[in-house]
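Commentary on secondary and tertiary structure
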Amino acid sequence: MPKKYGMIHDDNLCIGCQACSIACRAENRVPESVYRLQVHIKGPEQLPNGTLKYTYHRQSCVQCENTPCVSVCPTKASHKDENGIVSVDVDLCVGCLYCVAACPYQARYVDPVTKAPGKCDFCKETRLGRGEEPACVTVCPTDALIFGDLNDPKSALNKVLSTKVTMRNKESLGTNPKLFIVPNRRGGIES
Amino acid sequence: MRFIFFLAGLSAGAAMTSLMVKWIEGNNKAPWDGLIKAGALLAPLTICLGLFLLIFDLTRPLHFWKLLIHYNFSSVMTLGVLGLFIYTPLSFIYAAIKFKPWLFETGPFAGLLKPFKGIIDSIGDNPAWLERTLFLFAVIIGIYTGFLLSAMYSYPLFNTPLLPILFLASGLSSGVAASILFGLLFFKSEVNQKKCQIPFGA
Ligand code: SF4
Ligand code: SF4
């Protein structure tokens, strides 16, 4: 059975250290002027008891199941593989940047060298083939990131999905993302 | 992107103007003939200019030919490319019929173009099938740019079914305006020669 790779970002465990974004840059040789992954930090917000709260947002591709970027691409350069990972075949790309505009998560950038769009591909080309987890997941010091196969009921990913409250961004658009977020347990949730 | 939207709309609008005037008023009737000719000439010229600019709008212009041989039928852009495959040659043939004497007899390229005269002749002077298909594809090209934008639902402003209609209307109005201007600039003498009743411009 093909895999269906997904990921969880736990806002309660994340400390905004950016280890993941640096690991991503190093592993995938992402040029300096662009990024595949950043953690955007919001806050601080003061809670009623005087303590401070930060919110962390993983700014990267959410690996949509219904992919706007793939359906608009005129040459099928943007494609979703059998394991559900969305990536760009640079050789086929003409650089119309339709996909960059169509992505509702602003997850794509234009590579300054190839001039084709680039994006997170769960380290498909680099680590997954070797049986390793994506770079960001490996380096996270608090285990805020969990990677796994949604089709495998016993995966660590599914275990968390079955025991914790999770949400996905911009679900109203019908993109069906495979990045799940465990929202901050403290303070109010902005919906 | 910006220019192709405008020029494709203008081209489609000019083709529609030319055809509608022709259907309503008929050929060789001043002052309408100038308008028909201007539209027939504008349609292929502006679409070519637009496509040319489009290629340089790509971040990888040297790879543009991949757009012509790889298709994704869920992409509005692919559908547009296929539409242009039909629209562009048709607009050229339509213009060639309108300018037959100049192209093949009096113009500077008459010698070069002689071999093609037979093909244009065989189509006839008022081919209904060609005109109707051209009109249909002009409408398709006119709304295509609207669909191109409205497919991006990450922008709530673009994501409306009204957008294609809006683009068609704007293309038609720019096509009419450009045809009138072009007709006045280049086909005015012809209009005067035929001693029109209604003065076409000053
Ligand atoms: S987040 Fe953007 S780039 Fe990633 S799959 Fe969805 S639409 Fe495509
Ligand atoms: S920029 Fe490349 S990958 Fe993106 S839609 Fe255009 S051809 Fe496809």
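Keep in mind that what you see is a predicted model, and the values were worked out from it rather than measured. (Residues numbered from 1 in each chain as written. Chains lettered and ligands numbered in written order. Predicted model: local features only at pLDDT ≥ 70, side-chain atom pairs only at ≥ 80, totals over all residues. Heavy atoms only, no water.)

Description of the packing of helix α2 (residues 32-57) of chain B against helix α4 (residues 76-98) of chain B
Residue and element names in this part refer to chain B. The criterion, for reference: An axis is simply a line fitted to the C-alpha atoms; with a helix, the fit covers only the stretch in contact. Between two such axes, the angle follows the N-to-C directions and lies from 0 to 180 degrees. Here a helix means four or more residues in a row that DSSP labels H or I, a strand means two or more in a row labelled E, and each is numbered from the N terminus. In this scheme the handedness of a crossing depends on how the near helix is turned from the far one: anticlockwise by less than a right angle means left-handed, clockwise means right-handed. Note on definitions: a residue-residue contact is assigned when non-hydrogen atoms from the two residues lie within 4.5 Å. Gly is placed with the polar residues, together with every amino acid not listed as nonpolar (Ala, Val, Leu, Ile, Met, Phe, Trp, Tyr, Cys and Pro) or charged (Asp, Glu, Lys and Arg).
For the pair α2 and α4, interaxial distance at closest approach is 9 Å and the crossing angle is 145 degrees. Handedness of the α2/α4 crossing: left-handed. Of α4, the residues touching α2 (which contributes Ile36, Lys37, Ala40, Ala43, Pro44, Ile47, Cys48 and Leu51) are Leu84, Tyr87, Thr88, Ser91, Phe92, Tyr94, Ala95 and Lys98. Considering only residue class, the contact of α2 with α4 consists of 12 nonpolar, two polar and two charged.

A few points about the confidence of the model for chain B
Residues and elements named next belong to chain B. The cut-off we apply is this: Along the chain, pLDDT gives the predictor's confidence residue by residue, from 0 to 100.
The pLDDT averaged across chain B works out to 88; a share of 92% of its residues lies at or above 70. Put simply, helix α9 (residues 188-193) is where chain B has its lowest mean pLDDT, 60, and α4 is where it has its highest, 95. The ipTM, which scores confidence in the relative placement of chains, is 0.84 for this predicted complex, and the corresponding pTM is 0.87.

Description of helix α5 (residues 156-163) of chain A
Residue and element names in this part refer to chain A. What counts here: For every residue, the accessible area (1.4 Å probe, protein chains only) is compared with the maximum for its type, and the residue is labelled buried under 20%, exposed over 50%, or partly exposed between those bounds. The reported arc concerns the directions from the helix axis to the C-beta atoms and nothing else.
Every buried residue of α5 is accounted for by Leu157, Asn158 and Val160. Along the axis of α5, the buried positions cluster into a sector of 160 degrees, meaning they face one direction only. Turned more than 90 degrees from where α5 packs its buried face, Lys159, Ser162 and Thr163 sit exposed. Tucked into the core, α5 has its buried residues touching β1 (5-10) and β8 (145-149).

Quick look at the sheet that holds β8(A)
Residues and elements named next belong to chain A. Note the cut-off: Strands qualify as paired when DSSP identifies two bridges or more between them.
Taking strand neighbours across the sheet as the criterion, the three strands line up as β8-β1-β9 in an open arrangement whose pairing is mixed. Each of the sheet's edge strands pairs with one partner strand only, and the pair in question is β8 and β9 (179-182). Neighbour-to-neighbour, the strand axes of the sheet open up by a mean angle of 20 degrees, direction not taken into account. Bridge analysis of β1 against β8 gives five bridges, and the strand direction is antiparallel. In the sheet register, Tyr5 faces β8, and the bridge partner there is Asp149. Sheet contacts for α5: β1, β8 and β9; angle to β8, the most-contacted strand, approximately 115 degrees.

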